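# Close look at the chain arrangement
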Amino acid sequence: MLRAWQQSVRSGLRKRPDLKRPLWIIILVTFVIILLITAYLFPLSSSTACYIFSSGDCSLYHQPSFRSRELSDAETISHVVIREILKAPATEPKNSKIAFLYLTPGTLPFEPLWDKFFRGHEGRFSVYVHASREKPVHRSDYFIGRDIRSESVAWGKISMVDAERRLLANALLDPDNQQFVLLSDSCVPLHNFDYVYNYLIHTNVSFLDCFTDLGPHGTGRYSGRMNPEIEKAAFRKGSQWFSMKRQHAIIVMADTLYYTKFRLYCKPNFEGRNCYADEHYLPTFFNMIDPSGIANRSVTYVDWSEGKWHPRSFRAQDITFEFLKNLASIDDSIRYTSDPKRRVITGPCLWNSVKRPCYLFARKFYSETLDRLLSNFSNYTAV
């Protein structure tokens, strides 16, 4: 009898592992079902939920709660001024112009190319040159006498933003200027003037690059001293090369509150981090005050695919008709984040809700490319 009992116990012990396996499978399946039901009943409303339930870009859920606290006097004044500017009906002059704002250390190496771009379109554009190091020598009539009062500019510092604001202020003096394009000395046009003019004048948004980068070169540059006016959730990144509508240019001139925050707390080697105001001030500012009024992309092509501190530069051997045609035909924007995964953020380039080529201009080109650009200009800009 004892032997029979021992055999029964051994038999039970042998059978227990066989019973545990389906039990754990049932528990696991039940847990997954609960998660799926939760995701269905409670839509994604936070970044945490998004990262759990979604494989897409969750940056849209990093939105600040601007109204969750009492505003300071300075914020209230700023919001009132900005609101009134945004509400004011846009005045369309009989002759709308594009202001081309050149931010350069000195002489513009591609002036002959821009001369070819502008020729025959007098009265539809204005030129303004901010030369931060030395007085430029101009070779084109369109640039002679167009230098504004300039000051020195240091890479990565607020002086870069100051130069942009100085260019905008001078261009705003002409009431016919309706779009304001910031360009560098290494920028070249990718399309002919008529194409660029129609692209910019016949839309009501500013082409300002703006995206969320959760890595060290994005929100990792944020300083808590920007609180409470600028929350970390509102902090954005983007290329400094914009095309801005007149209404937004006026708002930039009116802003002192948010500009001061960046002047004080976004600079190289501040609190152990390197923050560059020209990459963060305008994207963050417009993400806060008029997110639906910007396209969240630039119209100036820059190649950051190499993952270095500076974008790729193009030499003479790179310049072919096919290369230029390809740049002019790109219709999806690409940005790279600085987080460990180095995510690639892509999206269609929309113009008045229609997919169109993204870029009107491109950089960075060495001066040695001028002759090849001139010889190909009529061909590649006609595509």
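Here the structure is shown first, and the text comes after it.
Residues numbered from 1 in each chain as written. Predicted model: local features only at pLDDT ≥ 70, side-chain atom pairs only at ≥ 80, totals over all residues. Heavy atoms only, no water.

Secondary structure summary: the chain contains eleven helices and 13 strands in total. A buried classification covers 47% of the 383 residues belonging to the chain. Of the contacts made within the chain by residues no fewer than 6 positions apart, 78% connect residues no fewer than 24 positions apart. For the chain, the computed accessible surface area is about 19,900 Å², with 56% contributed by carbon and sulfur atoms. (Helix = DSSP H or I, 4+ residues; strand = E, 2+ residues; numbered from the N terminus. Buried < 20%, exposed > 50% of the residue type's maximum accessible area, 1.4 Å probe, protein only. Contact = heavy atoms within 4.5 Å. Areas by Shrake-Rupley, 256 points an atom, 1.4 Å probe, with all protein chains shown as cover.)

The next point concerns the sheet that holds strand S4 (residues 188-189). Spatial strand order, S4-S13-S8: three strands in an open sheet with mixed pairing. Single-partner strands in this sheet number two, and they are S4 and strand S8 (300-301). Bridge count for S8 against strand S13 (residues 361-362) is two bridges, and the pairing is parallel. By the bridge assignment for S13, Thr300 is matched with Phe361. (Pairing = 2+ DSSP bridges.)

Right, let's get into the nonpolar core. Grouped together as the largest cluster of nonpolar side chains are 47 residues, with contacts concentrated most on Leu101, Tyr281 and Phe286. Elements with a minimum of two residues in this core: helix H3 (73-87), strand S1 (97-104), helix H5 (158-172), strand S3 (177-184), helix H7 (246-254), helix H8 (257-265) and helix H9 (277-289). Here the element with the most residues in this core is H5; it accounts for eight residues. If we ignore the near neighbours within four places in the chain, the residues touching Phe286 are Leu208, Met244, His248, Val252, Pro291 and Ile294. Ranked by size, the runner-up nonpolar core spans 46 residues in total, among them Phe117, Phe207, Cys349 and Leu360. (Core = buried A, V, L, I, M, F, W, Y, C linked by side-chain atoms within 4.5 Å.)

Here we take up the state of the cysteines. Applying the stated criterion across every chain yields a total of two disulfides. Here Cys266 pairs with Cys275 through a disulfide, and the sulfurs are 1.9 Å apart. The sign of the -80° torsion about the S-S bond sets the Cys266-Cys275 disulfide as left-handed. Note that Cys349 is cross-linked by a disulfide to Cys358, the S-S spacing being 1.8 Å. Where Cys349 bonds to Cys358 through sulfur, the torsion about that S-S bond is close to 90°, and the disulfide is right-handed. Judged by its relative accessible area of 0%, Cys349 falls in the buried class. (Disulfide = S-S within 2.5 Å.)

A separate point is the packing of aromatic side chains. Applying the stated criterion across every chain yields a total of 33 aromatic pairs. Look at Phe118 and Phe193: their rings are 6.5 Å apart centre to centre, the planes differ by 65°, and that puts the pair in the edge-to-face class. Here Phe118 is found in helix H4 (residues 111-118), whereas its partner Phe193 is found in helix H6 (residues 193-201), with 75 residues between them in sequence. Taken individually, Phe118 and Phe193 each receive the classification buried, so the pair is uniform in this respect. Positioned above the aromatic ring of Tyr128, the side-chain terminus of Arg146 is 5.0 Å from the ring centre. (Phe/Tyr/Trp six-rings, centres within 6.5 Å; stacked < 30°, edge-to-face > 60°. Lys NZ or Arg CZ within 6 Å of the ring centre and 35° of its normal.)

Counting buried positions along S1 gives eight out of eight residues, so the element sits mostly inside the fold. Burial along S1 is two-sided: Lys97, Ala99, Leu101 and Leu103 facing one way and Ile98, Phe100, Tyr102 and Thr104 facing the other are all buried. Relative to S3, S1 runs parallel, the two being bridged by seven bridges. When the sheet's bridge partners are listed, Leu103 is paired in S3 with Ser184. Both S1 and strand S2 (residues 125-131) contribute to a ladder of seven bridges, which runs parallel. Counterpart to Ile98 in the pairing with S2 is Phe125. For the handedness criterion, the β-α-β arrangement of S1, H4 and S2 is classed as right-handed. (Right-handed = clockwise from strand over helix to strand, strands pointing away.)

This paragraph deals with the pairing of S3. Extensive coverage of S3 is indicated by the burial of eight of its eight residues. Where S3 lies against strand S6 (residues 243-245), three bridges are found, and the strand directions are antiparallel. Bridge pairing links Gln179 to Lys245 in S6.

In this section: the environment of Ala171. For Ala171, the position within the fold is in helix H5. As a C-alpha pair, Ala171 and Ala249 span 78 residues in sequence and 9.5 Å in three-dimensional space.

The topology assignment puts Asp209 in strand S5 (residues 206-209). In the structure, Asp209 is positioned 87 residues away from Asn296 in sequence and 4.5 Å away in space, judged by C-alpha atoms. When sequence neighbours within four positions are dropped, the list of residues in contact with Asp209 reads Lys237, Gly238, Ser239, Pro283, Asn296, Arg297, Ser298 and Arg335. Here the side chain of Asp209 touches Ser239 through a polar contact of 3.0 Å, landing on its backbone nitrogen. Within the local environment of Asp209, its side chain forms a polar contact with the side chain of Arg335, the two groups lying 2.4 Å apart. (Polar contact = N/O pair within 3.5 Å; in protein donor to acceptor, adjacent residues only side chain to side chain.)

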